[in-house]
Amino acid sequence: MTQGIARRSLVLGGALAPAAWLALPGVAHAGGQIEEPLMDSVRTALSSAIANSAPPEPQFPTTETRMHYLRWMGAMSNRLRRRKPDLEVRREFLQTVWYESKRAGLDVSLVLGLVQVESAFRKFAVSSVGARGYMQVMPFWTRLIGDGDPGKLFHMQTNLRFGCVILRHYLDRERGDLYMALGRYNGSRGKPAYPNAVFAAQRHWIFDDRAG
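Residues numbered from 1 in each chain as written. Predicted model: local features only at pLDDT ≥ 70, side-chain atom pairs only at ≥ 80, totals over all residues. Heavy atoms only, no water.

**Quick word on the overall build of the protein**
Piece 1. Scanning the protein from N- to C-terminus turns up nine helices and zero strands.
Piece 2. Along the protein, helices and strands appear, N-terminal first, in the series α-α-α-α-α-α-α-α-α.
Piece 3. Scored against the burial criterion, the 212 residues of the protein give a buried share of 48%.
Piece 4. Summarising the internal contacts of the protein: among those between residues at least 6 apart in sequence, 66% fall at separations of at least 24.
Piece 5. Working note: accessible area of the protein is about 10,100 Å², and carbon and sulfur atoms make up 55% of it. (Helix = DSSP H or I, 4+ residues; strand = E, 2+ residues; numbered from the N terminus. Buried < 20%, exposed > 50% of the residue type's maximum accessible area, 1.4 Å probe, protein only. Contact = heavy atoms within 4.5 Å. Areas by Shrake-Rupley, 256 points an atom, 1.4 Å probe, with all protein chains shown as cover.)

**Brief notes about the environment of Ala 120**
Piece 1. By secondary structure assignment, the location of Ala 120 is in the loop between α5 (108–119) and α6 (140–145).
Piece 2. Taking the relative accessible area as the measure of exposure, Ala 120 reaches 10% and is therefore buried.
Piece 3. In the structure, Ala 120 is positioned 15 residues away from Met 135 in sequence and 9.5 Å away in space, judged by C-alpha atoms.

**Details of helix α7 (residues 156–173)**
Piece 1. Helix length check: α7 (18 residues) gives 26 Å between terminal C-alpha atoms against 26 Å at 1.5 Å per residue, within 8%.
Piece 2. Counted residue by residue, α7 has 14 buried out of 18 residues, so it is predominantly covered.
Piece 3. A positive backbone phi angle near 55 degrees is found at Arg 175, which sits one or two residues after α7. (Expected span 1.5 Å × (residues − 1).)

**Describing the confidence of the model for the protein**
Piece 1. Confidence in the prediction of the protein, expressed as mean pLDDT, is 83, and 79% of residues score 70 or more.
Piece 2. Within the protein, helix α1 (residues 18–22) has the poorest average pLDDT of any element, 47, and α5 the best, 97.
Piece 3. Taken together, the stretch residues 1–28 has pLDDT below 50 and engages in 60 contacts with residues farther than four places along the chain or on a different chain. (pLDDT = per-residue confidence, 0-100.)

**Let's talk about the nonpolar core**
Piece 1. In this structure, Trp 72, Phe 93, Leu 112, Met 135, Trp 141, Leu 182 and Tyr 185 are the most contacted members of the largest nonpolar core, which totals 52 residues.
Piece 2. For this core, the elements supplying multiple residues, two or more each, are α2 (40–51), α3 (63–80), α4 (87–104), α5, α6, α7, α8 (178–186) and α9 (193–202).
Piece 3. Ranked by residues supplied to this core, first place goes to α7 with nine residues.
Piece 4. With residues near it in sequence (within four places) discarded, Leu 182 still touches Leu 110, Leu 114, Leu 167, Tyr 194, Pro 195, Val 198 and Phe 199. (Core = buried A, V, L, I, M, F, W, Y, C linked by side-chain atoms within 4.5 Å.)

**Focus on the pattern of salt bridges**
Piece 1. For the structure shown, the criterion picks out nine salt bridges.
Piece 2. Measuring nitrogen to oxygen at the nearest pair gives 2.9 Å for the salt bridge that ties Glu 100 to Arg 161. Remark: Arg 161 occurs in helix α7 and Glu 100 occurs in helix α4; sequence separation between them is 61 residues.
Piece 3. Here Arg 189 makes a salt bridge to Glu 174, at a shortest N to O gap of 2.5 Å. Taken together, the residues Arg 189 in the loop between α8 and α9 and Glu 174 in the loop between α7 and α8 connect sequence positions 15 residues apart. (Salt bridge = Lys/Arg side-chain N within 4 Å of Asp/Glu carboxyl O.)

**Structural notes on the packing of aromatic side chains**
Piece 1. For the structure shown, the criterion picks out 11 aromatic pairs.
Piece 2. Geometrically, the ring pair formed by Phe 60 and Tyr 69 is tilted, given 5.0 Å between the ring centres and 40 degrees between the ring planes.
Piece 3. Seen in terms of ring centroids, Phe 124 and Phe 154 are 5.7 Å apart; in terms of plane orientation they differ by 45 degrees. Their pairing is tilted. Highlighted residues: Phe 124 in the loop between α5 and α6 and Phe 154 in the loop between α6 and α7, separated in sequence by 30 residues.
Piece 4. On the basis of relative accessible area, Phe 124 is assigned to the exposed category, the value being 58%.
Piece 5. Members of the aromatic cluster, joined through ring pairs, are Phe 60, Tyr 69, Trp 72 and Trp 98.
Piece 6. Directly above the ring of Phe 93 sits Lys 84, whose terminal nitrogen or CZ lies 5.2 Å from the centroid. (Phe/Tyr/Trp six-rings, centres within 6.5 Å; stacked < 30°, edge-to-face > 60°. Lys NZ or Arg CZ within 6 Å of the ring centre and 35° of its normal.)

Here's what the structure looks like:
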């Protein structure tokens, strides 16, 4: 299970408890990442991570790892059917989430939980502070580490790549503390409501291969 998930037990504070966040599926909940100065080395590394345009085609070293992926895909497709009824759209989305999560060294269930809380799986979601797309990425990131075109944040793979790379960056900055990294992602660092909402949503997307 993802490191830091035990912090679900923290006493909730802030305006919304996890249940309240998850009960508002039509709302984009992004608080907005805060623009902070980046060292040149960090900017270069993040830009490089974004620029690598490898297609989202998972590679599997063994037949068993491929079979695990296919079982995961089947289980997640069933869980996502109500939100994305079209099978091909669902498959492409899940394949891209898997690819970008693994590429950034993130737990796939965590990223799916974050997408659920941030945008309710809506590709064109826009928050009150201007965050965009599935992972509610703030437009300033395209200026800092992209090509400056915020419209591309509505492209599925671009949005998921930015979101995963940014969350990885925050996790590294917080020395592996997922609770604090999630707060930083949402612009509410140190407050428990948002991280706990993501952890609560994550539970729905955890895959136990033994149970299928």
